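Chain by chain, the residues run as shown.
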Amino acid sequence: MKTSIRRNRRVVVAVALGSVLALTATACGDDGSGSAGDKGNEGSGKGEITFWDNNGGVRTDIWKQIISDFEKKYPNIKVNYVGIPAASAQSKYDTAIQGGGLPDVGGVGTAMLAEVAVQGALEPLDSRLAKSPLNGKLSQNLLQSSKAAGGGDQLYQIPTSSNNGTLWYRTDLFDKAGLDAPTTWDKFFTAADKLTNKGKNQFGFTIRGGEGSIAPALDAAYSQSGITSFWNGDKTTVNDPKNVAALEKYVALYKKDTPSADVNNDFTKMVAQWDSGTIGMLSHNLGSYQDHLKALGADKFRGLPNPTQADGTRVQISNPVDGLSLFKSSKNKAAAWKFVEFAVSHAENSKFNQSAGQIPANTDAAKDAWIQKAEPTKLAAEALNGTGTKIVQLPYYLPDWNTISKADNEPNFQKVLLGKMSVKDFLNTLADQLNKAQADWKQNH
């Protein structure tokens with residue numbers, strides 16, 4: 001596969017920095033297997049393999065537990081653990097692809113999956129999964145997200161876990177106001193109005209206007225409009241009139257039912273603001289559960305999947321999926337694949353996600369006792385895996401996706417909130433950039 005001009009520029013930068021960053025890789029104790037051009041081989045299924053954790057520090061302890069369990073079951077395989085901070089995982093993979101030192105197996109989230117796959121570094125996993133005990137045991141929606149993020153043709157990632165959009169709401173405030181749980185968008189907008197009392201500095205909702213604002217805005221648009229595909233042929237649906245109308249209704253909450261400071265909210269400010277106790281609802285993911293528990297106590301809030309349409313139809317955008325990838329250059333793919341199978345097995349995937357507070361990719365793990373007791377996670381898992389749930393796959397495979405969805409359009413979304421740009425112009429601008437990026441991607445693949 002050819003790479004785009006933008007991709008080539010990034011590679012040049014990675015090569016230029018290679019000698020410096022390669023020293024960092026060596027300092028981490030990496031004894032990886034090669035560069036992207038190496039074909040590798042199956043190996044003996046024994047000996048040593050190297051595993052890169054793409055969220056080192058945060059997930060180090062749980063991965064070391066899983067590795068210990070694995071080595072007890074397979075005493076003839078030793079796993080060398082390398083923890084990489086999430087913020088530098090992409091750059092470390094890029095450097096190793098160009099200069100050598102790739103692991104046998106590594107954590108690769110969907111946000112970076114296409115960037116790694118397009119450089120020829122990853123082993124296709126479709127045939128391995130078809131012959132694996134994992135076949136039929138993994139969430140189909142997460143598998144679809146994994147395949148879509150890699151470009152849509154082949155599976156380059158076995159999903160381990162996912163987060164999910166969650167509407168956190170204050171049960172005490174809802175009960176006092178006589179409001180129903182905000183399970184539908186109609187109930188959500190009713191509650192946002194009724195819980196707002198600006199004179200007492202009370203608001204029905206807090207909206208994300210700062211860093212990370214685009215995904216929740218798109219989720220609100222597609223969820224209300226009911227449009228189930230990001231593309232209609234080669235053109236994006238983000239600026240479909242139904243999405244324009246839906247987003248207009250959502251952003252109209254700003255300053256009417258939300259604090260004016262929301263225009264600068266990233267997730268930490270938004271969560272802290274909601275935990276202060278004067279706001280009725282917050283749209284975030286499962287990751288803030290412990291913060292809410294500590295601030296409010298278990299009896300004052302609940303977390304539900306984001307609202308449905310009036311008839312119960314659930315449409316949501318794809319959330320980033322974390323997972324494990326096998327590297328093509330590995331000299332011991334058989335042993336590396338055993339590790340992937342083991343890590344995503346029922347017991348180990350359950351253990352990992354209980355620690356991470358996320359939704360297990362293994363559907364048997366999603367039924368375990370701990371998840372049944374954690375209501376927000378239980379409901380999120382049921383929503384994600386429900387047969388009636390429609391997932392709008394965001395184009396993580398586009399090399400320019402992160403730039404378009406962050407640097408280019410987060411400032412524009414703030415202009416929308418401030419009334420300096422219309423929703424229609426905002427979505428048309430976003431659509432134009434996405435259509436060009438899609439055309440460039442198709443030309444080079």
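Scroll up to find the structure this text is about.
Here, residues in each chain are numbered from 1, in the same order as that chain's written sequence. pLDDT decides what is reported in this predicted model: residues at 70 or higher carry local features, side-chain atom pairs at 80 or more are listed and counted, and totals for whole chains, interfaces and linings draw on all residues regardless. Neither water nor hydrogens contribute to the side-chain values; these are computed over all heavy atoms in the structure.

Student: What's the story with the packing of aromatic side chains in this structure? I'm lost.
Tutor: Aromatic ring pairs are defined here through the distance separating the ring centres and the angle between the ring planes. Classification of ring pairs uses Phe, Tyr and Trp, with its six-membered ring standing for Trp, and accepts pairs whose centres are within 6.5 Å; under 30 degrees between planes counts as stacked, over 60 as edge-to-face, and the remaining range as tilted. Throughout the structure, instances matching the rule amount to 26 aromatic pairs. Judged by centre distance (5.2 Å) and plane angle (35°), the ring pair of Trp-52 and Tyr-93 falls under tilted. Here Trp-52, found in strand S1 (residues 47-53), pairs with Tyr-93, found in helix H3 (residues 89-99); they are 41 residues apart in sequence, far enough to count as distant. Each of the two residues, Trp-52 as well as Tyr-93, counts as buried. Taking 5.9 Å as the distance between ring centres and 35° as the angle between the ring planes, the aromatic pair formed by Trp-185 and Phe-189 counts as tilted. With Trp-185 and Phe-189 both in helix H8 (residues 185-194), this residue pair falls 4 residues apart, about one helical turn. The buried label applies to any residue whose accessible area, calculated with a 1.4 Å probe on protein chains only, is under 20% of its type's maximum; exposed applies above 50%, and partly exposed to all values in between. When its relative accessible area of 9% is taken as the criterion, Trp-185 is described as buried. Clustering of aromatic rings is evident, with ring pairs tying together Phe-51, Trp-63, Phe-70, Tyr-74, Tyr-81, Phe-339, Phe-342 and Phe-352. Under the scheme used here, helices are H or I runs from DSSP no shorter than 4 residues and strands are E runs no shorter than 2 residues, and both carry numbers assigned from the N terminus.

Student: Teacher, can you tell me more about the sheet that holds strand S9 (residues 279-285) here?
Tutor: Backbone-to-backbone hydrogen bonds pair the strands of a sheet. The strands run either parallel or antiparallel. Between any two strands, at least two bridges found by DSSP are needed for them to pair. Strand order in this open sheet of 4 strands is S6-S9-S5-S10, and the pairing throughout is mixed. The sheet is open, and its two edges are formed by strand S6 (203-206) and strand S10 (301-305), each paired on a single side. Taken pair by pair, the neighbouring strands of this sheet meet at an average axis angle of 20°, ignoring direction. Examined bridge by bridge, S6 and S9 share 3 bridges and lie parallel to one another. Note on S9: the bridge partner recorded for Thr-206 is Leu-282. The convention used is that axes are lines fitted to C-alpha atoms, helices contributing only their stretch in contact, and that angles between N-to-C directions extend from 0 to 180 degrees.

Student: Explain the sheet that holds S1 to me, please; I cannot follow it from the model alone.
Tutor: Ordered in space as S2-S1-S3-S12-S4-S13, the 6 strands form an open sheet in which the pairing is mixed. On the outer flanks of this sheet lie strand S2 (77-83) and strand S13 (359-360), each paired with one strand and no other. Of the pairings in the sheet, the one linking S1 to S2 comprises 7 bridges and is parallel in character. Note on S2: the bridge partner recorded for Thr-50 is Asn-80. In what follows, a contact means two residues having at least one pair of non-hydrogen atoms within 4.5 Å. The sheet strands contacting H3 are S1, S2 and strand S3 (105-107), and the helix crosses S1 at an angle near 135°.

Student: Got a minute to help me understand helix H6 (residues 140-149) in this structure?
Tutor: Residues that lie three or four places apart on an α-helix share one face, since the helix turns once every 3.6 residues. For H6, the buried fraction is high: 7 of the 10 residues fall into the buried class. When we look at burial in H6, the residues that qualify are Asn-141, Leu-142, Leu-143, Ser-145, Ser-146, Ala-148 and Ala-149. Gly-151 lies just past H6 and shows a positive phi near 120°.

Student: Just to check I follow, could you spell out the nonpolar core for this structure?
Tutor: Soluble, globular proteins show a tendency: their nonpolar side chains are buried together. To define a nonpolar core, start from buried Ala, Val, Leu, Ile, Met, Phe, Trp, Tyr and Cys residues and group those joined through side-chain atoms within 4.5 Å. Within the largest apolar cluster, 72 residues are counted, with the highest numbers of intra-cluster contacts made by Phe-230, Leu-247, Tyr-250, Met-281 and Leu-434. A per-element tally of this core places helix H19 (residues 423-443) first, with 8 residues. Residues Ile-77, Val-79, Leu-155 and Val-340 belong to the second largest nonpolar core, which totals 30 residues.

Student: How should the pattern of salt bridges be read in this particular structure?
Tutor: Once the charged atoms of two side chains with opposite charge are near each other, the side chains can pair. Any Lys or Arg side-chain nitrogen located within 4 Å of an Asp or Glu carboxyl oxygen qualifies as a salt bridge. Summed over all chains, the structure comprises 15 salt bridges. For Asp-364, the salt bridge goes to Lys-137, with nearest N and O atoms at 3.3 Å. Taken as a pair, Asp-364 in the loop between S13 and helix H15 (369-373) and Lys-137 in the loop between helix H5 (126-130) and H6 lie far apart in primary sequence, 227 residues in all. Since its relative accessible area comes to 23%, Asp-364 is described here as partly exposed. You can call Lys-137 partly exposed: its relative accessible area is 35%. A salt bridge links Lys-256 to Asp-257; the shortest N-O distance between them is 2.9 Å. Within this structure, Glu-42, Glu-123, Arg-128 and Lys-333 form a network of salt bridges that share partners.

Student: Hey, could you run me through the environment of Asn-265 in this one?
Tutor: Within the element layout of this structure, Asn-265 appears in the loop between helix H10 (241-251) and helix H11 (267-275). Not counting the four nearest positions on each side in its chain, Asn-265 is found in contact with Thr-206, Ile-207, Arg-208, Gly-209, Gly-210, Glu-211, Met-270 and Gln-273. Polar side-chain contacts of Asn-265 include one of 3.2 Å to the side chain of Thr-206. Think of a polar contact as two N or O atoms within 3.5 Å of one another; within protein, one of them needs to be a possible hydrogen donor and the other a possible acceptor, and neighboring residues in sequence only count if both atoms come from side chains. At 2.9 Å, the side chain of Asn-265 and the side chain of Asp-262 are in polar contact.

Student: Honestly, the environment of Thr-184 in this entry has me stumped. Any pointers?
Tutor: Positionally, Thr-184 belongs in the loop between helix H7 (171-177) and H8. Take Thr-184: its relative accessible area is 13%, and that puts it in the buried class. Thr-184 sits 123 residues away from Pro-307 along the chain, and the two C-alpha atoms are 4.4 Å apart. In this view, Thr-184 contacts Pro-307, Thr-308 and Gln-309; residues no more than four positions away in its chain are not counted.

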